[in-house]
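# Working through the structure, step by step
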Amino acid sequence: MSLAPTSQVGKILLQPAYFTSSCYVETMKSDIDALVKTFESEYAESEDQTKPFTLFKTVWCAMGWQWLHFKVFDARARDMYLQVTCRLFLEHALTAAQPMARLVAFFAFYTFLSTQPSGAPPLHVIERTPIPQDQYKALFSLSDEFDGSLRAAAINITRLLVDADVFYIIPDSTQYPRVLPREVIVHDTSDAPKKKGRPSKADRVQKSQQAVDSLGQWLEQTGAPSSYEEGAPTTHRLLVEDPADLLQRYRDIKSTLLSTVAEDRQGTAALIEANKQVYNRLKRAAELNGESEMDAESEGPGIPRVERAIVQADAETGDGPRGGLLGLLEGAGNPNPT
């Protein structure tokens, strides 16, 4: 029996939501702008402009960007940190106003991703990053805006990224979160004194009533349009189209997809691989969140149901093959499938 105290000093851990909030996103965007301006200045004054990426690495280290990987160590928060940072570099590389700013952000994305530490103690790393299909295509045209050594550097880095298979291509406009920042921090400028401690029951009731009133006002202002003709004012898609029509359209598109995939052996293999990757990502998310299979099953489709849906991928329904996870809406993965 040890006589030493068994208590440990508490650790302060950042929540993943911090990295999708305006506190991190806006600051990171400002830092990227500073990196771009510094590189532009150094490149313009450089006597040797034949090695732009070598110059970029010098600027990267001089500004201390090489220490970026050692900002977060907790695996759960670090995963979000790495994903969001890579996404900010990519978005800047595709949306910045000036071509040079896009190229510098592209250099930064490659450098940040390829310099993840691999020694001891081990840190969580990401091998692939999601990118919508439309952005993936636009990335290949980045080198067309330059010539000479800048064009050669852009082409070479693009080739290295493709060969390393770092891009996880997803459908257009399906990134999560859809926009960054997801949480916008608003500083309270009111001078009213704040109550200490937990809110009282009356405070909670008042806050709930305010939320209901706000929802009622929103519904009054966003009613469904009176006409479905072209040019008629529209609001949210769910208020414009009948959910039953949307469901049937989804089923038609899915049926067409599965029929097309079934005609191609590579397409079938790709569909099976996609099912497995989604299943593995769900398991990984559950492990990071500390959820058990019973908890996951009780709060949603659950990992066990997803696993059963993959096993039942070849099962037939009235609408054709379920297609694994694509058939969750029709009951795929249920313990007693119909």
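Below, the structure is looked at part by part. (Residues numbered from 1 in each chain as written. Predicted model: local features only at pLDDT ≥ 70, side-chain atom pairs only at ≥ 80, totals over all residues. Heavy atoms only, no water.)

### Concerning a nonpolar patch on the surface
Among the surface-exposed residues, Trp67, Phe70 and Phe73 lie close enough to one another that they form a single nonpolar patch of about 380 Å² accessible area. Take phenylalanine 70: it is sitting in the loop between α2 (52-62) and α3 (75-95). (Patch = residues over 30% accessible without salt bridge, like charges linked within 9 Å, V, L, I, M, F, W, Y side chains within 5 Å. Areas by Shrake-Rupley, 256 points an atom, 1.4 Å probe, with all protein chains shown as cover. Salt bridge = Lys/Arg side-chain N within 4 Å of Asp/Glu carboxyl O. Helix = DSSP H or I, 4+ residues; strand = E, 2+ residues; numbered from the N terminus.)

### With respect to the packing of helix α1 (residues 22-45) against α2
Between two packed helices, the angle of one axis relative to the other and the distance separating the axes together describe the packing. Here α1 crosses α2 at 125°, and the two axes come no closer than 10 Å. Judged on the interaxial angle alone, α2 and α1 are oblique. Note on packing geometry: the crossing formed by α1 with α2 is right-handed. Note on element contacts: α2 touches α1 through Pro52, Leu55, Phe56, Val59 and Trp60, opposite Leu35, Thr38, Phe39, Glu42 and Tyr43. (Axes fitted to C-alpha atoms, helices over the stretch in contact; angles between N-to-C directions. Parallel < 35°, antiparallel > 145°, perpendicular 65-115°, else oblique. Left-handed = near helix turned anticlockwise from the far one by under 90°. Contact = heavy atoms within 4.5 Å.)

### Structural notes on the nonpolar core
If you look at soluble globular proteins, the nonpolar side chains tend to sit buried side by side. In this structure, Phe56, Phe89 and Phe167 are the most contacted members of the largest nonpolar core, which totals 53 residues. Residue contributions to this core peak at 12 residues, all from helix α4 (residues 99-114). In contact with phenylalanine 167, other than residues within four places in its own chain, are Leu90, Phe109, Arg128, Thr129, Ile131, Tyr136, Leu139 and Leu161. Core analysis: the second largest hydrophobic core is formed by 7 residues, Tyr279, Val306, Leu325 and Ala332 among them. (Core = buried A, V, L, I, M, F, W, Y, C linked by side-chain atoms within 4.5 Å. Buried < 20%, exposed > 50% of the residue type's maximum accessible area, 1.4 Å probe, protein only.)

### A word on helix α6 (residues 148-163)
In a regular helix each residue adds 1.5 Å, so 16 residues correspond to 22 Å; α6 covers 23 Å between its end C-alpha atoms and thus fits that length. Remark: aspartate 165 follows α6 within two positions and exhibits a positive phi of approximately 55°. (Expected span 1.5 Å × (residues − 1).)

### A few points about the packing of aromatic side chains
A full pass over the atoms with the stated rule returns 21 aromatic pairs. The interplanar angle of 65° and the centroid separation of 6.1 Å between the aromatic rings of phenylalanine 39 and phenylalanine 56 together place this pair among those described as edge-to-face. Taken together, the positions of phenylalanine 39 in helix α1 and phenylalanine 56 in helix α2 put the pair 17 residues apart, joining distant regions of the chain. The class of phenylalanine 39 is buried, set by a relative accessible area of 0%. Among the aromatic side chains, those forming a connected cluster through ring pairs are Phe39, Tyr43, Phe53, Phe56, Trp60, Trp65, Phe89, Phe107, Tyr110 and Phe112. A cation over an aromatic ring shows up here: arginine 281 above the ring of tyrosine 168, its NZ or CZ 5.2 Å from the ring centre. (Phe/Tyr/Trp six-rings, centres within 6.5 Å; stacked < 30°, edge-to-face > 60°. Lys NZ or Arg CZ within 6 Å of the ring centre and 35° of its normal.)

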